[in-house]
Amino acid sequence: MLTNSIYAAPETGLRARVRERSGEFVEQARSSFRHNPLGALGLGIILAIVLVAVFAPQLATYDPDKLNREARLLPPSAENWFGTDASGRDVYSRVVYGSRISLQVAVVVMLIATTVGSLLGAVAGFFGGLVDEILMRITDVFLAFPALILAMAVNAALGPGIGSAMLAVGFTWWPVYARLVRSQVMSVRSHPYVEAAICIGATRRRVLFRHILPNCAGPIIVQMTLDAGYVVLTVAGLSFVGLGAQPPSHEWGFMVSQGANHILTQWWWSTFPGLAICVLVVGLNLVGDFLRDGLDPRLSRTVV
Amino acid sequence: MYLYILRRLIFLVFVTIGITAILFVIMYFLPGDPARAAAGPGAKPEHVERIRIRLGLDQPLHIQYLTYMKNLMRGDLGNSIRTRKPVIVELRTYLPASLELVPTAMLFSVLVAVPLGVLSALRPGRAADATSRLFAALGMGMPVFWVALMAQFIFYGKLDILPFGGRLSTGAVPPEHVTGFYLIDSLLAGDLALFKDAVIHLSLPALVLALPEVAVISRLTRSSMLDVLTLDYVRTARAKGLREWRVIVVHALKNALLAPLTLMGMQVGWLLAGSLFVESVFSWGGIGFLAYHAIYKRDFPVLMGVTMVMCIVFVLANLVVDILYSYLDPRISY
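If you're wondering where the values come from, they're calculated on a predicted model, not measured in any experiment.

Peer 1: Quick question: what am I supposed to make of the overall build of chain B here?
Peer 2: Helix and strand content of chain B: 14 helices and 0 strands. Along the chain direction, N to C, the helices and strands of chain B fall in the order α-α-α-α-α-α-α-α-α-α-α-α-α-α. Dimensions of chain B, computed from C-alpha atoms along their principal axes, come out at roughly 85 × 50 × 40 Å. Counting all 334 residues of chain B, 50% fall into the buried class. Excluding contacts between residues fewer than 6 apart, the proportion of contacts in chain B whose partners are at least 24 apart in sequence is 72%. Of the roughly 16400 Å² of accessible surface on chain B, 68% is carried by carbon and sulfur atoms.

See the structure below:
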């Protein structure tokens, strides 16, 4: 494939260049996936879950919130693939719709954490001095806590609900990004092009947001994918202890907690939503792993 | 070295102050009213007001905080709103159960994960790498609370070989309180049957809690080991004719352990968080269990106490890791 682009007669024009470039990209991606097939598996899992979320109405066999007195606590069967819960709701349909909530959780929390973290980290790294010192000591205190415990306290204070759970987790996750962005900014700051931008009279804000931050994006994106799995787990955990999603939600962690008291008699109620969490988080972990290897060649070399 | 430890302990004091400050601000601005919660539903307004004054909740934020810190210095963390007992007494009652569960899980995960990682490092190659990668992703991907439920379903519900939960069988009388650790107290009382009962009850929660750790630690041990095995001094050790196991266990492993060790320190936080789920599923009366109930009742003095204890344990664990560093690698000194 690659040899084609080298030996074939050179095409001219923008379109040809784009074709060549995208060919290279596809080739590169294919080779990385061949090197790490689990990355491809992870990507496949995430794509599948996104598709499930988009086509939930088509994939669900029942209305996820419809109560049915006649069909309570039925075991898995041809009609109810994952069985039904104590209110006669179809567990399969609820799991299908639940994918929307979990994907949304991952995106929203990561957005909150990266926005707050990047902003504080960039300011600390760019200005240095006392500002840096103060911001980093605050970050240290936050990092000294186990994140889940703090998220729980914040969630409890904000009141139960999936929205406050997302806010709480986002609020506890930013220090990681503050640290990361700070170190990135400090290394990018010394590059000649930043000096050049300052020389031609760009304002400090412009230099920071237009020249420095975009060049820190790589590690941030990798960290985001690595963290997304933890975030989904944490929010599911908050729902499990009753702080996150509230009835009649079909959030996966909440469904597991509802079925928890029935685990010995109606195992399917907790098992399938929990399995769904597993699949999503494993997919995210595999993609994160893959991206990290791609970004840091030293790491990928160590795993022969 | 001692200076370094001292510096870290001073940092711990600042962390505690920071943590209490953050929690205090959060809890001050929360919508719920602890005075009303303490008075119970349907209490008269003047009664609620009396409780508010008794608890000092009518004071401004910074005064409340200073009072709290002043009491903290004397070891007084306030009283639980739910049970009215002093928080410090509650912590003392519940802490031993957690200190029994979490270190057991930690120990178990290290004992399994390190040999597993070393063994898989001896088989380099794509298949072994993919397996350990997948295993790590799975271990980290499974929600602890769900694993706990599945373990109950399989080992109690289906196989009926391990108990459903609790620290002792129903009807068993806890050993006389000496340390609060059932394993130690039952031995001190010379009651072997009770000791066995305690061990059996401990095994499943500890296994569940250890599972994600096993996955991550073995993965990191493997990659760190592979790194070290390519180094020159390992080749030298082999060249001078040392036995292979000696090269691996004595020479390579000691250096390869540095990376997993850092991780273990960080994982203590994850274990403490996980213990909250495991303790609530298995009705294990530890501080995670205590926190779980405090959340429901908005029992903030207790929640504050638990959070503080967990953070202190976390910081101390990482201090221990740093000290172990200089033991493993004499080049590191503080």
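The structure having been displayed, the exposition proceeds.
Peer 1: Got a minute to help me understand the interface of chain A and chain B in this structure?
Peer 2: At the junction of the two partners, chain A supplies 53 residues and chain B supplies 53 residues. In total, about 4500 Å² of surface goes out of reach between chain A and chain B, with carbon and sulfur atoms giving 79% of it. In this structure, the connection of chain A to chain B is made through 1 salt bridge. Its salt-bridge partner being Arg133 of chain B, residue Asp289 of chain A comes within 2.8 Å of it at the nearest N-O pair. Inspection of the region where chain A meets chain B yields 4 residue pairs in polar contact (both at pLDDT 80 or more).

Peer 1: Help me understand the packing of helix α7 (residues 147–158) of chain A against helix α1 (residues 2–28) of chain B in this model?
Peer 2: The description of two helices packed together rests on the angle between their axes and the distance between the axes. For the pair α7 of chain A and α1 of chain B, the least separation of the axes is 9 Å and the interaxial angle reads 20°. Between α7 of chain A and α1 of chain B, the crossing angle belongs to the class labelled roughly parallel. Pair α7 of chain A / α1 of chain B crosses with right-handed handedness. Between α7 of chain A and α1 of chain B, the contacting residues are Leu150, Ala153, Val154 and Ala157 of chain A on the first element and Ile22, Leu23, Ile26 and Met27 of chain B on the second. Among the residues forming the contact of α7 of chain A with α1 of chain B, the class breakdown is 8 nonpolar, no polar and no charged.

Peer 1: What is the right way to look at the packing of aromatic side chains in this model?
Peer 2: The relative placement of two aromatic rings is captured by the distance of their centres and the angle of their planes. Enumeration according to the criterion identifies 14 aromatic pairs over all chains in this entry. Taken together, a centroid distance of 5.1 Å and an interplanar angle of 55° make the contact between Phe142 of chain A and Trp174 of chain A tilted. Of this pair, Phe142 of chain A sits in helix α6 (residues 129–143) while Trp174 of chain A sits in helix α8 (residues 162–189), and the two are 32 residues apart along the sequence. Aromatic ring contacts, followed pair by pair, group Trp81, Phe82, Tyr92, Trp267, Trp268 and Phe272 of chain A together with Phe153 of chain B into a single cluster. The aromatic ring of Tyr182 of chain B is capped on one face by Arg167 of chain B, whose charged end is 3.7 Å from the ring centroid. Its end group placed over the ring of Trp284 of chain B, Arg167 of chain B keeps NZ or CZ at 5.6 Å from the ring centre.

Peer 1: Is there a simple way to think about the packing of helix α11 (residues 217–240) of chain A against helix α12 (residues 252–259) of chain A in this case?
Peer 2: Residues and elements named next belong to chain A. Between α11 and α12, the shortest axis-to-axis distance is 7 Å and the interhelical angle comes to 35°. Read as a crossing pair, α11 and α12 show a hand that is right-handed. Seen from α11, the contacting residues are Ala236, Ser239 and Phe240; seen from α12, they are Gly253, Phe254, Val256 and Ser257. In terms of residue class, the contact of α11 with α12 is built from 4 nonpolar, 3 polar and no charged.

Peer 1: Quick question: what am I supposed to make of the nonpolar core here?
Peer 2: Formed by 154 residues in total, the largest nonpolar core has its most connected members in Ile212 and Phe240 of chain A. Per-element tally for this core: the top contributor is helix α14 (residues 300–328) of chain B, with 15 residues. Those residues within four positions of Ile212 of chain A in sequence are excluded, and the remaining contacts are Phe126, Val185, Val188, Arg189, Val194 and Val207 of chain A. Formed by 14 residues, the second largest nonpolar core is a distinct cluster that contains Met225, Leu229, Val234 and Leu253 of chain B.

Peer 1: Even after reading the chapter, I still don't get the domain arrangement of chain A, so can you show me in this structure?
Peer 2: In many reports, interface size means the accessible area that the parts give up when they come together. We note that the domain assignment places domain 1 (1–35) and domain 2 (38–299) within chain A. The C-alpha-based centres of domain 1 of chain A and domain 2 of chain A are spaced at 35 Å.

Peer 1: How should I be thinking about the pattern of salt bridges in this particular structure?
Peer 2: Two side chains with opposite charge may pair up if their charged atoms get near one another. Counted according to the given criterion, the structure contains 15 salt bridges over all chains. Between Glu133 of chain A and Arg137 of chain A there is a salt bridge; the shortest N-O distance is 2.5 Å. Remark: Arg137 of chain A and Glu133 of chain A occur in helix α6; sequence separation between them is 4 residues, near one turn of the helix. By relative accessible area, Glu133 of chain A is classed as partly exposed at 42%. Looking at Arg137 of chain A, the relative accessible area reads 38%, which means it is partly exposed. With a shortest N-O distance of 3.9 Å, Asp129 of chain B and Arg222 of chain B are connected by a salt bridge. With a gap of 93 residues between them, Asp129 of chain B in helix α6 (residues 126–141) and Arg222 of chain B in helix α9 (residues 192–229) connect regions that are remote in the sequence. A single burial state applies to Asp129 of chain B and to Arg222 of chain B, both of which are buried.

Thresholds applied
- Residues numbered from 1 in each chain as written.
- Chains lettered and ligands numbered in written order.
- Predicted model: local features only at pLDDT ≥ 70, side-chain atom pairs only at ≥ 80, totals over all residues.
- Heavy atoms only, no water.
- Helix = DSSP H or I, 4+ residues; strand = E, 2+ residues; numbered from the N terminus.
- Buried < 20%, exposed > 50% of the residue type's maximum accessible area, 1.4 Å probe, protein only.
- Contact = heavy atoms within 4.5 Å.
- Areas by Shrake-Rupley, 256 points an atom, 1.4 Å probe, with all protein chains shown as cover.
- Buried area = accessible area lost by both parts, 1.4 Å probe.
- Salt bridge = Lys/Arg side-chain N within 4 Å of Asp/Glu carboxyl O.
- Polar contact = N/O pair within 3.5 Å; in protein donor to acceptor, adjacent residues only side chain to side chain.
- Axes fitted to C-alpha atoms, helices over the stretch in contact; angles between N-to-C directions.
- Parallel < 35°, antiparallel > 145°, perpendicular 65-115°, else oblique.
- Left-handed = near helix turned anticlockwise from the far one by under 90°.
- Nonpolar A, V, L, I, M, F, W, Y, C, P; charged D, E, K, R; others polar.
- Phe/Tyr/Trp six-rings, centres within 6.5 Å; stacked < 30°, edge-to-face > 60°.
- Lys NZ or Arg CZ within 6 Å of the ring centre and 35° of its normal.
- Core = buried A, V, L, I, M, F, W, Y, C linked by side-chain atoms within 4.5 Å.
- Domains from an automatic or database assignment.

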